[in-house]
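So the chains spell out like this:
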Amino acid sequence: MYKLAIVGATGLVGRTILKILEEKDLPVYEYALFASKKSAGTIINFKSKDYVVKELTENSFIEEHFDFAVFSAGSSTSLNYAPIAVKNGCIVVDNSSAFRMDDSVPLVVPEVNPEDIKLHKGIISNPNCSTIQAVLPIKALDEKYLIK
């Protein structure tokens with residue numbers, strides 16, 4: 001069982017992440033929802049439970065231990081807080097552009113290169129939404145026709 005933090009929980013992508021997590025039966029025993037100071041205190045009903053959104057601070061990953069965190073709060077937030085989370089034993093999946101061009105961070109699309117997830121050093125990045133949609137059919141074409 002794991003403890004999972006959702007950073008950017010009140011935004012459109014954050015709420016979509018929560019919706020998808022609600023549909024899945026993941027072995028998560030505890031969730032924590034984080035957002036900006038402006039959104040802190042918002043109550044979100046998730047998995048039939050009310051969660052009070054906490055303000056993300058530099059101490060958020062020091063005061064509590066998380067196994068994983070999904071970041072969807074913009075690149076400046078990811079650049080500032082993801083390294084703190086990693087330093088405190090958390091594996092971060094980042095949805096921003098912060099680490100996409102960082103050679104030390106694997107850029108993973110599960111249907112295309114799931115094996116690259118093993119290369120992480122604490123942070124895993126994913127491409128933007130339009131790129132993900134494009135690489136899925138490109139992978140299928142490459143497997144059939146060997147695109148160069």
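Look up: the structure comes first, before these words.
We now turn to the structure provided with this report. Model, not experiment: these values are computed from the prediction.

### Let's talk about the packing of aromatic side chains
One pass over the full model with this rule turns up seven aromatic pairs. Judged by centre distance (5.8 Å) and plane angle (85°), the ring pair of Phe 34 and Phe 66 falls under edge-to-face. On the criterion of sequence distance, the pair formed by Phe 34 in strand S2 (residues 28-35) and Phe 66 in the loop between helix H2 (60-63) and strand S6 (68-71) is long-range, its members being 32 residues apart. You can call Phe 34 buried: its relative accessible area is 2%. Using a relative accessible area of 1% as the deciding quantity, one classes Phe 66 as buried. Seen in terms of ring centroids, Phe 46 and Tyr 51 are 5.7 Å apart; in terms of plane orientation they differ by 55°. Their pairing is tilted. We note that Phe 46, like Tyr 51, is buried. An aromatic cluster is defined as three or more aromatic residues linked by ring pairs; in this entry it consists of Phe 34, Phe 61, Phe 66 and Phe 71. Between Lys 3 and the ring centre of Phe 66, over which it is positioned, the NZ or CZ distance is 5.0 Å.

### Notes on helix H1 (residues 12-23)
In this model H1 runs 17 Å from its N-terminal to its C-terminal C-alpha over 12 residues, within 8% of the 16 Å that 1.5 Å per residue would give. Turning to H1, its buried residues are Gly 14, Ile 17, Leu 18 and Leu 21. Within H1, the buried residues cover an arc of 100° as seen down the axis, which keeps them to one side. Exposed and oriented more than 90 degrees from the buried face of H1 are Leu 12, Lys 19 and Glu 23. Against the buried residues of H1 lie strand S1 (2-7), S2, strand S3 (43-46) and S6.

Rules and cut-offs
- Residues numbered from 1 in each chain as written.
- Predicted model: local features only at pLDDT ≥ 70, side-chain atom pairs only at ≥ 80, totals over all residues.
- Heavy atoms only, no water.
- Phe/Tyr/Trp six-rings, centres within 6.5 Å; stacked < 30°, edge-to-face > 60°.
- Helix = DSSP H or I, 4+ residues; strand = E, 2+ residues; numbered from the N terminus.
- Buried < 20%, exposed > 50% of the residue type's maximum accessible area, 1.4 Å probe, protein only.
- Lys NZ or Arg CZ within 6 Å of the ring centre and 35° of its normal.
- Expected span 1.5 Å × (residues − 1).
- Arc of directions from axis to C-beta.
- Contact = heavy atoms within 4.5 Å.

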